[in-house]
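# Descriptive analysis of the structure
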Amino acid sequence: MSDVKEIAEIPSFTVKLSIRRFDPEKSEEASWQEYEVEMHATDRVLDALHKIKWEQDGSLTFRRSCAHGVCGSDAVRINGRNRLACKTLIKDLDINSTITVEPIKGLPVEKDLIVDMNPFYQAYKDINPFLVANDKPEKERLQSPEDRARYDDTTKCILCAACTTSCPVFWTDGQYFGPAAIVNAHRFIFDSRDEEADVRLDILNDKEGVWRCRTTFNCTEACPRGIEVTKAIAEVKQAILRGRP
Amino acid sequence: MTKVHHHEFDVVIVGAGGAGMRAAIEAGPHARTAVITKLFPTRSHTGAAQGGMAAALANVEEDSWEWHTFDTVKGGDYLVDQDAAEILAKESVQAVIDLENMGLPFNRTPDGKIDQRRFGGHTRDHGKAPVRRSCYAADRTGHMILQTLYQTCVKLGIEFFNEFYVLDMIMTEVDGQEVPAAVVAYDLATGEIHIVRGKSIVYATGGFGKIFKTTSNAHTLTGDGIGIIWRKGLPLEDMEFYQFHPTGLAGLGILLSEAARGEGGILRNASGERFMERYAPTIKDLAPRDMVARAMANEVREGRGAGPNKDYVLLDLTHLEPAVIDAKLPDITEFARTYLGVEPYTEPVPVFPTAHYAMGGIPTNIKAEVLRDNDTVVPGLYAAGECACVSVHGANRLGTNSLLDINVFGKRAGMYAVEYAKTAKLPPLPDNAEAGVIALLDKVRNSKGDEKVAVLRKELQDTMDANAQVYRTEESLNEALNKISELRARYEKISIQDHGQRFNTDLLEAVELGFLLDLAEVLAYASRERRESRGGHFREDYLERNDDKFMVHSMLYREGEPTGEIGAGIRVDWKPVVITNYQPMERKY
Ligand SMILES: Cc1cc2nc3c(=O)[nH]c(=O)nc-3n(C[C@H](O)[C@H](O)[C@H](O)COP(=O)(O)OP(=O)(O)OC[C@H]3O[C@@H](n4cnc5c(N)ncnc54)[C@H](O)[C@@H]3O)c2cc1C
Ligand code: SF4
Ligand code: FES
């Protein structure tokens, strides 16, 4: 066994956050509000949000559940970049300047950091996100490890919307399917068990489909699951040109 | 005036985790079905499950459902209802096939079948050696189950009420019997009330790990569903049995799946000793969770813990090939990197037990029907998944048996709920069905004291970690009960800051704390009354299992409003364990 790395006393310090607040019951306008909280380096931005909500301002509103990056509830814009609040450690940000937190862009803001996710879910549903296979096997369908590997990356998606709401094309055109829907289409298009790749390819060949992608790579950078989103989109584009997966 | 909406369905399912959606898939095509869920379905905590789902497919080595049944019974320290365990094991194969057929991307063997791996407590031929029984998709099996079930629900056009918090259930009398008539839900987006009537109602609301401080559970796992059942005067079963998973990230509680040990990971103390060799000589690090968690806590208590405060042990993966780690344990090793800054390829990971899973819950029979006493069914009421107690997990759940449970009994709940709804009439709705929820919310909204929800919740979690965790005594449990009484009194004096209608999570956190207090009290009370050690329940003042007195399930009843006196308002009764094939033996590994 290699040396045991001791976790030393974790330093704590005061962090400044500026959070974009919006409550239509109070005002039509959104505004920035500043907070100061005492945090440890290993704390996450979600811990800071909780600290504010629990100790200073109960009205601060955001979604969260799992707190370790697997449920997709808390995608927000931190210092101008889309991230999960629960996966962003304070120490990885510049703590000498104010940390800004605002809702992800391109979806209607409901209250503070909460956005209306329905347009995002609709795009997901529009690509038929389910296996279509008409055979009736008695046991499991067989799939080789190689075939299984072809779509592994895109099975990791947690529908957090970080990718879609970092996409400049989506910001200007809310009709665009967006990277997340394409990622989920990819997951089925390249699954050897699925029989409806052609339908999905057809859907994504639409004018609001894959061809709107400008390959800016924002989505890949934003994805908290490390999915190679741009690559997945490129593979779908090639499949459309080939006429098959 | 709060706006009240009315809906009518045949089958109403509360909760959209694995159990709720599996039920919906069964019910949806045959009956008008609604799923009400406080989280968007794919955010349910089933998605956090990592290691796998048990089924004796025998794809990689010889296995049988009978061995699986035995392991489940033995793992549960013989408190398992054996008829239910047989169903769990027998129906496991079909449950996995169902998921594969729906599209679940399991890892595959070279010949294309579903691959299987080892997991704690699962053995060949009644304990002879570990067996490869866990079907898995990397270390994100729960994520894949949740996604696949949701995808199937989308395919079937299941109707969801997302971000609706069910806070009450309306019971009514039909033919001299009390039956559920509706659930009352609060719509997070608008603050409006929805009364959803159904012929059958299925609870699938998951666990309540948030009564503890160190837990693998999500912030939202506050046991609301179980709490509602409790407040309706229906009993809860085996609440003293709560599982502490050995390998939570030290200080954080985030889970590192047992798969890490299934793939060869080894637990070591500060001096590098593989200490499980002393506690379970045969299966060592793959002993059942209760044993491993206690062994770890014991190493720390006896001064052999690692770290500056000697308060954790180490999970060593450094001897595994990085390629194996990447292929089979990618997510959990990333947790170690992200949250502790530890590189599992080269450094051992600091771990300590974390509150993980409720073995107890709403008593049901093998048709997922809810019981109002030891054997009387509440017609039309069902429960499945972690909120239910069938009981297939007894005193200690085996890893990979919960993802199985939610699929097998979720499916059964859906099936029997439909069967019942086919002949039942919609129960009449009493007047003012919304009154209870409106009163509950108004009380919190109008309360003007100076107590804070977050402070009370933290004190509750601290006392539960200190007094009702891996080691328990009469004294520590009384201390917890005392503290809970104090917190209840202070809960009457809370105030919240958000008085808006829309997305008022401040209000809901206060309501959730009410459920946490209820469940923590029942857990501590039941733990005090079980004066023996069995499975996950370990009493330092009663070290031995006592089959003469306690080879029975506890059944907890609420006898009126809590008075502030310790345990007043709770009564414990006992229920026989169903034994078919396996007589209780000493549990050795
Ligand atoms: C980190 C982790 C890893 C695990 N790994 C494994 C594993 O490898 N193998 C295994 O077998 N088991 C594992 N388990 C256990 C298993 O995952 C859970 O027990 C199981 O997924 C619970 O499923 P469920 O459907 O009962 O509840 P959940 O998935 O928790 O779903 C609960 C649902 O109820 C809803 N709900 C709750 N309250 C309300 C309310 N008031 N109103 C409306 N809706 C409500 C929620 O929105 C949610 O949809 C793991 C658990 C954890 C925490
Ligand atoms: S692809 Fe990544 S960023 Fe996009 S929704 Fe899925 S998990 Fe989130
Ligand atoms: S809270 Fe679940 S992903 Fe952040």
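Relevant structure appears above.
To start, this report covers the structure provided alongside it. Computed from a prediction, not measured in an experiment: that's the story for all the values here.

## Section: the site of ligand 2
Near ligand 2 you find Cys157(A), Ile158(A), Leu159(A), Cys160(A), Ala161(A), Ala162(A), Cys163(A), Ala180(A), Cys223(A), Pro224(A), Arg225(A) and Ile227(A), and these make up its full shell. Here the residues of the shell around ligand 2 sort into 11 nonpolar, no polar and 1 charged.

## Observations concerning the packing of helix α14 (residues 453–467) of chain B against helix α15 (residues 474–491) of chain B
For any two helices packed against each other, one specifies the inter-axial angle together with the distance between the axes. All names here are of chain B. Put simply, α14 and α15 touch, their axes get as near as 9 Å, and they point 175° apart. Put simply, α14 runs roughly antiparallel to α15. On the side of α14, the interface is formed by Val 455, Leu 456, Glu 459, Leu 460, Thr 463, Met 464 and Asn 467, while α15 contributes Ser 476, Leu 477, Glu 479, Ala 480, Lys 483, Ile 484, Glu 486, Leu 487, Arg 490 and Tyr 491. Counted by class, the contact of α14 with α15 contains 9 nonpolar, 3 polar and 5 charged residues.

## Examining the packing of aromatic side chains
According to the stated counting rule, one finds 15 aromatic pairs over all chains in the structure shown. Residues Tyr124(A) and Tyr150(B) carry aromatic rings whose centres are separated by 6.3 Å and whose planes lie at 10° to one another, so their mutual orientation is stacked. Placement of Tyr124(A) in helix α2 (residues 118–126) and of Tyr150(B) in helix α5 (residues 141–156) is noted, with the two residues assigned to different chains. For the pair Tyr124(A) and Tyr150(B), one class covers both residues: buried. Here the aromatic rings of Phe212(B) and Tyr242(B) are separated by 5.1 Å at their centres, their planes lie at 50°, and the arrangement is tilted. Of the two residues, Phe212(B) is situated in the loop between β11 (200–203) and α6 (224–231) and Tyr242(B) in strand β13 (residues 242–249); the sequence distance between them amounts to 30 residues.

## Description of the site of ligand 1
Residues and elements named next belong to chain B. In the vicinity of ligand 1, 39 residues are found, and the nearest of them are Ser 44, Thr 46, Gly 51, Glu 386 and Leu 403. Residue Leu 39 places a main-chain N or O atom 3.1 Å away from an oxygen atom belonging to ligand 1. Coverage of ligand 1 by the protein amounts to 97% of the 1,000 Å² it exposes when considered alone. Those elements that place two or more of their residues in the shell around ligand 1 are α1 (18–27), β3 (33–37), β8 (164–174), β16 (349–358) and α12 (401–423).

## Describing the sheet that holds strand β14 (residues 266–268) of chain B
Residues and elements named next belong to chain B. Read from one edge to the other, the open sheet built from 4 strands follows the order β13-β16-β15-β14, with strand pairing classed as antiparallel. Taken across any chain shown, the strands that pair with only one partner, and hence form the sheet edges, are β13 and β14. Taken over all neighbouring pairs, the strand axes of this sheet differ in orientation by 45° on average, direction set aside. Summarising the sheet, strand β15 (residues 313–316) and β16 pair through 3 bridges and their orientation is antiparallel. From the neighbouring strand, Val 313 faces β16, where its bridge partner is Val 351.

The rules behind these values
Residues numbered from 1 in each chain as written. Chains lettered and ligands numbered in written order. Predicted model: local features only at pLDDT ≥ 70, side-chain atom pairs only at ≥ 80, totals over all residues. Heavy atoms only, no water. Near = heavy atom within 4 Å. Nonpolar A, V, L, I, M, F, W, Y, C, P; charged D, E, K, R; others polar. Axes fitted to C-alpha atoms, helices over the stretch in contact; angles between N-to-C directions. Helix = DSSP H or I, 4+ residues; strand = E, 2+ residues; numbered from the N terminus. Parallel < 35°, antiparallel > 145°, perpendicular 65-115°, else oblique. Contact = heavy atoms within 4.5 Å. Phe/Tyr/Trp six-rings, centres within 6.5 Å; stacked < 30°, edge-to-face > 60°. Buried < 20%, exposed > 50% of the residue type's maximum accessible area, 1.4 Å probe, protein only. Polar contact = N/O pair within 3.5 Å; in protein donor to acceptor, adjacent residues only side chain to side chain. Areas by Shrake-Rupley, 256 points an atom, 1.4 Å probe, with all protein chains shown as cover. Pairing = 2+ DSSP bridges.

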